[in-house]
Amino acid sequence: MSTSFERFQKRKLISSYFSVVLSIGLVLFLLGILGLLVLNTKKLADHFKEQITISVFLKDNAKEVEVDQLQKSLAMAEYTKKATYVSKEQAAEQHSEEIGENFLDFLGYNPLKNSIDVQLKADYVSTEKIAEIAEEISSRDYIEEVSYDKPLITLLNDNVKKISFWILVASGIFTFIAVLLINSSIRLSIYSKRFIIKTMQMVGATKTFIRRPFIWTNIKLGVLGAVLALIALGFVIYYVDINFPELNLFQDPTILIFLFASVFFLGVLISFISTFFATQRFLNLRTDDLYY
């Protein structure tokens with residue numbers, strides 16, 4: 001009979017520990033995903049900014065040597081990520097593919113211009129800086145026009161600021177919720193042992209002596225939950241890096257090390273604080289209040 005009861009108690013204890021570890025792991029995993037998004041907000045914003053292109057249209061009388069010099073100088077400029085020469089023939093072919101028919105058959109000639117498409121570095125994608133760059137480029141005699149989408153740049157910068165702000169707000173709220181969820185799981189675990197805590201206290205055990213095994217047990221559970229979360233987070237990062245290589249998630253390993261260390265430390269810290277205050281609460285309760 002006692003053996004069956006012991007087995008039941010053991011299964012109940014393992015089930016309790018498993019639910020705590022799973023709760024901590026799931027919350028820390030979601031927190032890690034949000035942290036990954038926060039730490040890579042600038043990288044994501046830079047990725048979209050660097051899709052902005054300035055088109056430098058050349059006059060028909062522009063000499064080949066002038067065009068070559070211009071392309072090389074633009075490619076070497078501090079604000080340029082990439083400079084590509086596009087001939088009028090290539091532009092006509094691309095335009096025909098976009099509209100689904102050859103417009104040259106109707107016109108009988110090619111009205112397009114030779115051009116150089118300049119992709120800018122993210123730090124230079126702002127209305128003021130692009131206007132300065134465009135003015136500098138257009139000062140050359142053989143430049144017909146410098147074209148870029150000004151409303152799109154303004155909209156992009158405004159949206160990046162808004163998204164960054166709301167991501168930070170969401171991070172703060174979610175961190176608070178994560179602390180509450182982990183705290184609730186640990187408190188429920190300790191609640192089932194409230195009579196043991198009070199019994200130990202009544203036979204003369206000090207609060208520190210009673211609290212210590214609970215703290216160490218839940219720190220271990222917090223470590224297991226954090227490891228579980230980090231393994232799942234590692235798979236997510238690997239999957240994202242394979243499917244979206246342009247994000248270069250492994251380019252700066254310091255960010256990932258900081259993220260993993262933060263998730264692990266947070267799991268341990270929340271487990272410690274929650275256990276400390278949960279045990280303190282039951283230590284301070286009167287015996288009659290344990291039944292409520």
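The chain has the name Cell division protein FtsX in an unreviewed UniProt entry, where Arenibacter palladensis is given as its organism. What UniProt states about the chain under its Function (unreviewed entry) heading is, verbatim, "Required for cell division and gliding motility." Recorded in UniProt under Sequence similarities (unreviewed entry), the annotation for the chain is "Belongs to the ABC-4 integral membrane protein family. FtsX subfamily."

Chemist: Is there a simple way to think about the overall build of the chain in this case?
Modeler: If you tally the helices and strands in the chain, you get ten helices and four strands. Taken over 292 residues, the chain has a buried fraction of 35%. Once local pairs closer than 6 in sequence are excluded, the contacts in the chain between residues at least 24 apart make up 81%. As displayed, the chain offers around 18200 Å² of accessible surface, 63% of which is attributable to carbon and sulfur atoms.

Chemist: I keep staring at the sheet that holds strand E1 (residues 53–58) and nothing clicks. Help me out?
Modeler: To summarise the sheet geometry, strands pair through backbone hydrogen bonds and adopt either a parallel or an antiparallel arrangement. One open sheet holds the four strands; their spatial order is E2-E3-E1-E4, and the pairing between them is antiparallel. The sheet terminates laterally at strand E2 (80–86) and strand E4 (143–147), the two strands that pair on one side only. Here the average twist between neighbouring strands, direction ignored, is 15°.

Chemist: Help me understand the nonpolar core in this model?
Modeler: Nonpolar side chains in soluble globular proteins tend to be buried together. Leu28, Ile182, Ile190, Ile197, Ile210 and Ile237 are the most contacted members of the largest nonpolar core, which has 30 residues in total. Excluding residues that lie within four positions of it along the chain, Ile190 makes contacts with Ile197, Phe214, Asn218, Thr275, Ala278, Thr279 and Phe282. Of all hydrophobic cores here, the second largest spans 26 residues; its members include Ile52, Val56, Ile133 and Val160.

Chemist: How should I be thinking about a nonpolar patch on the surface in this particular structure?
Modeler: Residues Ile173, Phe176, Ile177, Leu180 and Leu181 make up a contiguous nonpolar surface patch of roughly 470 Å² in combined accessible area. Along the chain, Ile177 turns up in helix H7 (residues 150–191).

Chemist: Is there a simple way to explain the packing of aromatic side chains in this structure?
Modeler: Given two aromatic rings, one states the distance between the centres and the angle between the planes to describe the pair. One pass over the full model with this rule turns up four aromatic pairs. Measuring from centroid to centroid gives 5.2 Å for Phe165 and Trp166, while their planes differ by 75°, and the two rings are edge-to-face. With relative accessibility at 55%, the residue Trp166 sits in the exposed group. When the ring of Phe276 is compared with that of Phe277, the centres are 5.4 Å apart and the planes differ by 85°; the resulting orientation is edge-to-face. What makes Phe277 exposed here is its relative accessible area of 54%. Grouped by ring-pair contacts, the aromatic residues Phe272, Phe276 and Phe277 constitute a single cluster. Here the basic side chain of Lys129 rests over the ring of Tyr124, its NZ or CZ set 5.4 Å away from the ring centre.

Chemist: I tried to follow the UniProt feature "transmembrane region" (unreviewed entry) in the chain on my own but got confused; where do I start?
Modeler: On the UniProt side, "transmembrane region" (unreviewed entry) is annotated at positions that read residues 20–39, 163–186, 221–240 and 255–278 here. For residues 163–186, the helix share is 100%, the strand share is 0%, and the end-to-end C-alpha distance is 34 Å. Measuring from the first to the last C-alpha atom of residues 255–278 gives 34 Å, for a span that is 100% helix and 0% strand.

Chemist: Can you walk me through the pairing of E1 in this structure?
Modeler: Taken residue by residue, a regular strand's side chains alternate between the two faces of the sheet. Both E1 and strand E3 (residues 115–120) contribute to a ladder of five bridges, which runs antiparallel. The residue of E3 that forms the bridge with Ser55 is Asp117. Across four bridges, E1 lies against E4 in antiparallel orientation. Residue Val56 lies in a different strand from E4, and its bridge partner there is Val146.

Chemist: Sorry if this is basic, but what is going on with the pattern of salt bridges here?
Modeler: If the charged atoms of two oppositely charged side chains come close together, the side chains can form a pair. One pass over the structure, following the stated rule, counts one salt bridge. In this structure, the salt-bridge partner of Glu50 is Lys81, at a minimum N-O distance of 3.0 Å. Of this pair, Glu50 sits in the loop between helix H2 (41–49) and E1 while Lys81 is found in strand E2, placing the two residues 31 residues apart along the sequence. The exposure class of Glu50 is buried, given its relative accessible area of 18%.

Chemist: Please explain H2 as it appears in this structure.
Modeler: At 3.6 residues per turn, the α-helix brings residues three or four places apart onto the same side. Residues of H2 that are buried include every one of Thr41, Ala45, Asp46 and Lys49, and no others. Axial view of H2: buried residues confined to an arc of 130°, hence all on one face.

Chemist: How should I be thinking about the environment of Arg281 in this particular structure?
Modeler: By the element assignment, Arg281 lies in helix H10 (residues 253–284). Expressed as a C-alpha distance, the spacing of Arg281 and Tyr191, which sit 90 residues apart in the sequence, is 9.9 Å.

Chemist: Is there a simple way to think about the packing of H2 against H7 in this case?
Modeler: How two helices pack is summed up by the angle between their axes together with the distance between the axes. Put simply, H2 and H7 touch, their axes get as near as 11 Å, and they point 165° apart. Judged on the interaxial angle alone, H7 and H2 are roughly antiparallel. Along this stretch, H2 crosses H7, giving a crossing that reads as right-handed. From H2, Thr41, Ala45, Phe48 and Lys49 reach across to H7, where they touch Leu156, Asn157, Val160, Ser164 and Ile167. In the contact of H2 with H7, the residues fall into five nonpolar, three polar and one charged.

Criteria and cut-off values
Residues numbered from 1 in each chain as written. Predicted model: local features only at pLDDT ≥ 70, side-chain atom pairs only at ≥ 80, totals over all residues. Heavy atoms only, no water. UniProt positions renumbered as here; feature names shortened; annotations may be inferred. Helix = DSSP H or I, 4+ residues; strand = E, 2+ residues; numbered from the N terminus. Buried < 20%, exposed > 50% of the residue type's maximum accessible area, 1.4 Å probe, protein only. Contact = heavy atoms within 4.5 Å. Areas by Shrake-Rupley, 256 points an atom, 1.4 Å probe, with all protein chains shown as cover. Pairing = 2+ DSSP bridges. Axes fitted to C-alpha atoms, helices over the stretch in contact; angles between N-to-C directions. Core = buried A, V, L, I, M, F, W, Y, C linked by side-chain atoms within 4.5 Å. Patch = residues over 30% accessible without salt bridge, like charges linked within 9 Å, V, L, I, M, F, W, Y side chains within 5 Å. Salt bridge = Lys/Arg side-chain N within 4 Å of Asp/Glu carboxyl O. Phe/Tyr/Trp six-rings, centres within 6.5 Å; stacked < 30°, edge-to-face > 60°. Lys NZ or Arg CZ within 6 Å of the ring centre and 35° of its normal. Arc of directions from axis to C-beta. Parallel < 35°, antiparallel > 145°, perpendicular 65-115°, else oblique. Left-handed = near helix turned anticlockwise from the far one by under 90°. Nonpolar A, V, L, I, M, F, W, Y, C, P; charged D, E, K, R; others polar.

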